[in-house]
Amino acid sequence: MRALRLLEWGRRPELTEVERPVPKGTEVLVRVEAAGLCRSDLHVADSAPGDLPYRTPFTLGHEVAGRITELGPDAAPGGAAVAGERVVLYGPWGCAECERCAAGRDNYCDRRNTLDWHGVGLGRDGGMAEYVLVPSTRYLVPIGGLPASQAAPLSDAGLTSYHAVAGLSRSLREGGGSVLVIGVGGLGHLAVQVLSATTPCRVLAVDVREAALALAQRSGADFATLIRPDTADELRARAGHARALDAVLDFAGTEETVELATRVLRPGGELALVGSGGGQLTVRKPGFLPPGFRLSLPFWGSRAELAEVVALARSGAIRVETEEFPLSAAAEAFGRLRAGRGRGRAVLVPDDAAS
Ligand code: FEH
Ligand code: ZN
Ligand code: ZN
């Protein structure tokens, strides 16, 4: 079968021919119908030897949906899963033994630092291929009739955004308040939709691209504006009586956006730093952060949260903006992502399915 593989550090990913895996024990073979591209794929592809604990070669793709084609002899006792079922992969594969992994929270595996992988396509063979081998049905969530190019991005962009929202305080999520989404790209536009669909919050959004502001409004934002030198004042003016925001979800995470977040937060405000833009924050007392300031660094999400995201999508409450590429055009898709010219989440589909 064909697979987009990182053959060695420092080389661009290459489409190569590899043996189609045969599931053993609890393993399940999934025919890939869609595999999303993520900025982390660029980070992995650009890494030097020793940057990451992964061992090359391996196939990329940690945002995957498809159809079960074969199950190992111990994979689905009592027919818990069957060939033909359409699924999305829960991507963060941990040690599978600690209490976090046992609870389906592999994203916070206690033994993460001892592993030479972080999940499917992240040190283990991923889904930018015709087939992907999954260690257990516990990493599969049924998607029913949801199109694969909608389902795949839910497993990373959707799940990460949903987990970041779920990490905000209950009083905010249930009582309402004002939330700023910084960066309305593959993750940010889904965070706007999740906030709009699941909370009474007022949602504001900022980005550096005009097209992203339109996407924010289509996604349900109450207000969207470009990032400019006076953006903090403009956001405060739009924040209601408090003239400051209850929470910020920063999907860019740059020096500039982290600074903007700290300038618009209320006392008791919350910052969820999701983007890996390298921005830094000085936490000091006495200092300049609002009293009661809370910071979180949410990472990916739990298996239960993935099932909740899939249910939201199947209900029509959230919809991913996607741009499809055939697997054979993966290099073009990577190039557009790298150049920031993507229109929504890029998704690789099998060549025979590409429109
Ligand atoms: C995965 C592995 C390592 C860093 C970041 C990521 C994210 O893309 C997962 O959402
Ligand atoms: Zn990712
Ligand atoms: Zn674990």
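The paragraphs below set out a description of the structure included in this document. (Residues numbered from 1 in each chain as written. Chains lettered and ligands numbered in written order. Predicted model: local features only at pLDDT ≥ 70, side-chain atom pairs only at ≥ 80, totals over all residues. Heavy atoms only, no water.)

This brings us to the overall build of the protein. In terms of helices and strands, the protein carries ten helices and 18 strands. With the C-alpha coordinates aligned to their principal axes, the bounding extent of the protein is approximately 60 × 40 × 40 Å. Per-residue burial for the protein yields a buried fraction of 54% across its 355 residues. A separation of at least 24 residues holds for 70% of the contacts in the protein among residues at least 6 apart in sequence. As presented, the protein carries roughly 15,300 Å² of accessible surface, and 50% of it is formed by carbon and sulfur atoms. (Helix = DSSP H or I, 4+ residues; strand = E, 2+ residues; numbered from the N terminus. Buried < 20%, exposed > 50% of the residue type's maximum accessible area, 1.4 Å probe, protein only. Contact = heavy atoms within 4.5 Å. Areas by Shrake-Rupley, 256 points an atom, 1.4 Å probe, with all protein chains shown as cover.)

Right, let's get into the coordination of the zinc ion (ligand 2). Every protein donor of the zinc ion (ligand 2) is listed here as Cys38 (SG), His62 (NE2) and Asp156 (OD), and their distances to the metal cover 1.9 to 2.3 Å. For the zinc ion (ligand 2), the four donor atoms in the first shell make angles of 89 to 139 degrees at the metal, so the coordination geometry reads as irregular. One chain supplies every donor for the zinc ion (ligand 2), spaced along it as C-x23-H-x93-D. Within this pair, whereas cysteine 38 is found in the loop between strand S3 (28-36) and helix H1 (39-45), its partner histidine 62 is found in the loop between strand S4 (58-59) and strand S5 (64-71), the two being separated by 24 residues in sequence. Comparing cysteine 38 with histidine 62 shows no difference in burial state: the two are buried. (Donors = N, O, S within 2.8 Å, 3.2 Å for Na, K, Ca; no water. Tetrahedral: all angles 85-135°; square planar, octahedral: opposite > 155°, others 65-115°.)

Okay, the sheet that holds strand S16 (residues 294-296) next. Read from one edge to the other, the open sheet built from six strands follows the order S13-S12-S11-S14-S15-S16, with strand pairing classed as parallel. Single-partner strands in this sheet number two, and they are strand S13 (223-226) and S16. Each neighbouring strand pair of the sheet contributes to a mean axis angle of 15 degrees, computed without reference to strand direction. Each of strand S11 (178-182), strand S12 (202-207) and strand S14 (245-250) is contacted by helix H5 (residues 188-198), which is oriented at about 165 degrees to S11, the strand it contacts most. (Pairing = 2+ DSSP bridges. Axes fitted to C-alpha atoms, helices over the stretch in contact; angles between N-to-C directions.)

Over its 13 residues, helix H9 (residues 303-315) extends 19 Å from the first C-alpha to the last, a length consistent with the 18 Å expected when each residue adds 1.5 Å. Turning to H9, its buried residues are Glu305, Leu306, Val309, Val310, Leu312 and Ala313. All buried residues of H9 fall inside an arc of 155 degrees around its axis, so they share one side. The inward-facing, buried residues of H9 abut strand S6 (86-89), strand S10 (140-142), helix H3 (148-166) and H5. Phi turns positive one or two residues past the end of H9, at glycine 316, with a value near 90 degrees. (Expected span 1.5 Å × (residues − 1). Arc of directions from axis to C-beta.)

The next thing to look at is the side chain of threonine 16. Within the secondary structure layout, threonine 16 lies in strand S2 (residues 14-17). Excluding residues that lie within four positions of it along the chain, threonine 16 makes contacts with Met1, Arg2, Ala3, Arg5 and Leu7.

Donor atoms from the polypeptide that coordinate the zinc ion (ligand 3) comprise Cys95 (SG), Cys98 (SG), Cys101 (SG) and Cys109 (SG), at 2.3 Å from the metal. Within one chain, the residues donating to the zinc ion (ligand 3) are spaced in sequence as C-x2-C-x2-C-x7-C. Residue cysteine 101 is classed as buried on the basis of its relative accessible area, which comes to 0%.

On to helix H8 (residues 255-264). Along an α-helix, residues three or four positions apart point the same way, because every turn accommodates 3.6 residues. Among all positions of H8, only Thr257, Val258, Leu260, Ala261, Thr262 and Val264 are buried. Next to the buried residues of H8 lie S11, S12, helix H7 (231-237), S14 and strand S15 (265-273).

This part is about the side chain of serine 219. Turning to its location among the elements, serine 219 is positioned in the loop between helix H6 (210-218) and S13. Of the polar contacts made by the side chain of serine 219, one reaches the side chain of glutamine 193; its length is 3.5 Å. Side-chain polar atoms of serine 219 contact the backbone oxygen of leucine 215, separated by 2.8 Å. (Polar contact = N/O pair within 3.5 Å; in protein donor to acceptor, adjacent residues only side chain to side chain.)

Before going further, it helps to examine unusual backbone geometry. In terms of backbone geometry, most residues other than glycine have negative phi values and most peptide bonds are trans. For the peptide bond that leads from threonine 56 to proline 57, omega is 0 degrees, which places it in the cis range. Mapped onto the elements, proline 57 comes out in the loop between H1 and S4. Across the junction of lysine 285 and proline 286, the peptide omega takes the value -10 degrees, indicating a cis bond. Looking at where proline 286 falls in the secondary structure, it is placed in the loop between S15 and S16.

Around ligand 1 lies a shell formed by Cys38, Ser40, His62, Leu122, Asp156, Thr160, Phe299 and Trp300. A distance of 2.3 Å separates an oxygen atom of ligand 1 from a polar side-chain atom of aspartate 156. Within the side chain of threonine 160, an N or O atom sits 3.4 Å from an oxygen atom of ligand 1. Considering only residue class, the shell around ligand 1 consists of four nonpolar, three polar and one charged. (Near = heavy atom within 4 Å. Nonpolar A, V, L, I, M, F, W, Y, C, P; charged D, E, K, R; others polar.)

Moving on to empty space enclosed by the protein. The tally for this structure, following the rule as stated, stands at two cavities of 30 Å³ or more. Computed from the structure, the largest cavity encloses a volume of approximately 60 Å³. Looking at the largest cavity, the residues that line it are Arg31, Val32, Ala35, Gly127, Met128, Ala129, Glu130, Leu327, Leu348, Val349 and Pro350. Those elements giving two or more residues to the lining of the largest cavity turn out to be S3 and strand S18 (345-349). Counting residues per element, the lining of the largest cavity draws most heavily on S3, which supplies three residues. Here the lining of the largest cavity is built from residues that sort into eight nonpolar, one polar and two charged. (1 Å grid on protein atoms, 1.4 Å probe; cavity = no way out; pocket = protein on both sides within 12 Å on 5 of 7 lines; lining within 4 Å. Points joined across faces, edges and corners; volume = space filled by probe spheres on them.)

Where S3 meets S5, seven bridges bridge the pair, whose relative direction is antiparallel. Among the inter-strand pairings, valine 32 is bridged to a residue of S5, identified as glycine 66. As defined by bridge partners, S5 adjoins S6 across three bridges and the pair is classed as antiparallel. Paired with glycine 66 across the strands is valine 87, a residue of S6.

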